[in-house]
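# Structural overview for review
Next come the chains, spelled out residue by residue.
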Amino acid sequence: MTMRKPLVAANWKMNGNAALAQDMLQTLAGHALPELDVLICPPATLLQPLAHSAHCLLGAQNLSQFSDGAYTGELSAALLSEAGVRYVLVGHSERRTLFGESDAVVLAKMEQAIAHGLIPVFCLGENLQQRQQEKTSEVLAKQLAAVYASHPEFIGKSVVAYEPVWAIGTGEAASPEQAQQAHAFIRQQLANYDAEAADSVRILYGGSVKAANAEELFRQADIDGGLVGGASLNADEFLKICQSAK
Ligand code: PEP
């Protein structure tokens, strides 16, 4: 089995400010974390102050599905790359539900990211109703197929984030067993497209991760780190979560 380097990612959503960026940089600078990758995805206006840090990788929360042109308010993969961005969240449930991003749009964004050398963090997950109706596997398989069936070569160029919608921002994380089950299923599905890439792709868990539950989640065999929303808005809490991933 391939050793997968853990990755812990912060998704600030439309939160935080320049002071938090400074605080985060200082906190991370004070604690060496050589055994994992730390990724910060701040709002776009805070990308610049976080760029070129030796202590974290830089990610955007979104990108345009188009490469350039008359798309007021959008940011292309090329512009993000020029600003020092290396990673980008794609298909976050808030983008899918609040901004109507379909599987087709998510696919176009994956294509843009990869064409411009960005590493997409492909987010997927079932909602509460789908879990209650025991449709979790079906939903995950469909979301994965929408991208990787036509582009198996993307597996080795992505990070995957399993984020059950019912666990995002609710304080109710999936249990380590529930999360591990979903992660193992995702890896199996990806193995149908490319077994070698599926073995090495990092699959992050997201949904109410905090310092108190991170270690147990990250200890699961197919969980390779986390995507952290609310708890990443406090530098000390986020550091503790990162330290749980070693
Ligand atoms: C997220 O937005 O990706 C997320 C997982 O949020 P939270 O940690 O707040 O549940």
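Residues numbered from 1 in each chain as written. Predicted model: local features only at pLDDT ≥ 70, side-chain atom pairs only at ≥ 80, totals over all residues.

For the protein chain, the helix and strand inventory stands at eleven helices and eight strands. Taking 2.2 N^0.38 as the reference for a compact globule, 246 residues should give roughly 18 Å; the C-alpha atoms of the protein chain span a radius of gyration of 17 Å, in line with that estimate. If one aligns the C-alpha atoms of the protein chain with their principal axes, the spans along those axes are about 45 × 45 × 35 Å. By the burial criterion, 41% of the 246 residues in the protein chain qualify as buried. (Helix = DSSP H or I, 4+ residues; strand = E, 2+ residues; numbered from the N terminus. Rg over C-alpha atoms; globule rule 2.2 N^0.38 Å. Buried ≥ 20, exposed ≤ 12 C-beta atoms within 10 Å, placed from the backbone.)

Before going further, it helps to spend a moment on the UniProt feature "binding site: substrate" (unreviewed entry) in the protein chain. When the UniProt feature table is mapped to this numbering, "binding site: substrate" (unreviewed entry) covers N11, W12, K13, G169, S208, G229 and G230. A maximum C-alpha distance of 13.8 Å is found for the annotated residues, which run over 220 residues; spatially they form one tight group. By secondary structure assignment, the location of N11 is in strand β1 (residues 7-11). Beyond its immediate sequence surroundings of up to four residues, N11 is in contact with C41, Q61, L89, L227, V228, G229 and S232. We classify K13 as partly exposed; it has 18 C-beta atoms within 10 Å. (UniProt positions renumbered as here; feature names shortened; annotations may be inferred. Contact = placed C-beta atoms within 7 Å.)

Before going further, it helps to spend a moment on the UniProt feature "active site" (unreviewed entry) in the protein chain. With numbering matched to this structure, UniProt assigns "active site" (unreviewed entry) to H92 and E163. In sequence the annotated residues extend across 72 residues, while in space they remain close, none of their C-alpha pairs exceeding 8.3 Å. Structurally, H92 can be placed in the loop between β4 (87-90) and α4 (93-98). In this fold, E163 is placed in the loop between β6 (159-162) and α8 (176-193). Look at E163 and you get buried, because 27 C-beta atoms sit within 10 Å. With sequence-adjacent residues up to four places away left out, E163 is seen in contact with S93, C123, G125, I168, G206, G207 and L227.

Neighbouring the ligand are 14 residues, the closest being I168, G169, G206, G229 and G230. Here the residues of the shell around the ligand sort into five nonpolar, seven polar and two charged. (Near = placed C-beta within 6 Å. Nonpolar A, V, L, I, M, F, W, Y, C, P; charged D, E, K, R; others polar.)

What follows is about unusual backbone geometry. In this model, K13 sits at a positive phi of 50°, which is unusual for a non-glycine residue. Positionally, K13 belongs in the loop between β1 and α1 (18-29). Its identity is not glycine, yet E134 carries a phi of approximately 60°, on the positive side. Position of E134 among the secondary structure elements: in the loop between α6 (128-132) and α7 (136-148).

Here helix α5 (residues 103-115) crosses α7 at 45°, and the two axes come no closer than 9 Å. One finds that α5 runs oblique with respect to α7. Crossing handedness for the pair α5 and α7: right-handed. In this structure, α5 contributes D103, V106, L107 and M110 to the contact, and α7 contributes Q143, A146 and V147. Tallied by class, residues from the contact of α5 with α7 come to five nonpolar, one polar and one charged. (Axes fitted to C-alpha atoms, helices over the stretch in contact; angles between N-to-C directions. Parallel < 35°, antiparallel > 145°, perpendicular 65-115°, else oblique. Left-handed = near helix turned anticlockwise from the far one by under 90°.)

The strand order around the closed barrel built from eight strands is β1-β2-β3-β4-β5-β6-β7-β8, with neighbouring strands paired in parallel fashion. Strand-to-strand twist across the sheet, computed as the mean angle between neighbouring axes with direction ignored, equals 25°. Across two bridges, strand β7 (residues 203-206) lies against strand β8 (residues 225-228) in parallel orientation. Pairing of Y205 across the sheet is with G226, part of β8. (Pairing = 2+ DSSP bridges.)

With that settled, consider the nonpolar core. Of all hydrophobic cores here, the largest spans 69 residues; its most connected members are A9, V88 and V121. Leaving out residues up to four positions away in the same chain, A9 has contacts with L39, C41, G59, V121, L204, L227 and V228. (Core = buried A, V, L, I, M, F, W, Y, C linked by C-beta atoms within 7 Å.)

Packed helix pairs are characterised by how far apart their axes lie and by the angle those axes make with each other. Between α1 and helix α11 (residues 235-243), the least distance of the axes is 9 Å, while the angle of their chain directions is 40°. With respect to their mutual orientation, α1 and α11 come out oblique. Where α1 crosses over α11, the two elements pack in a sense that is right-handed. Of the residues in α11, those in contact with D23, M24, T27 and L28 of α1 are A235, D236 and L239. Here the residues of the contact of α1 with α11 are counted per class, giving four nonpolar, one polar and two charged.

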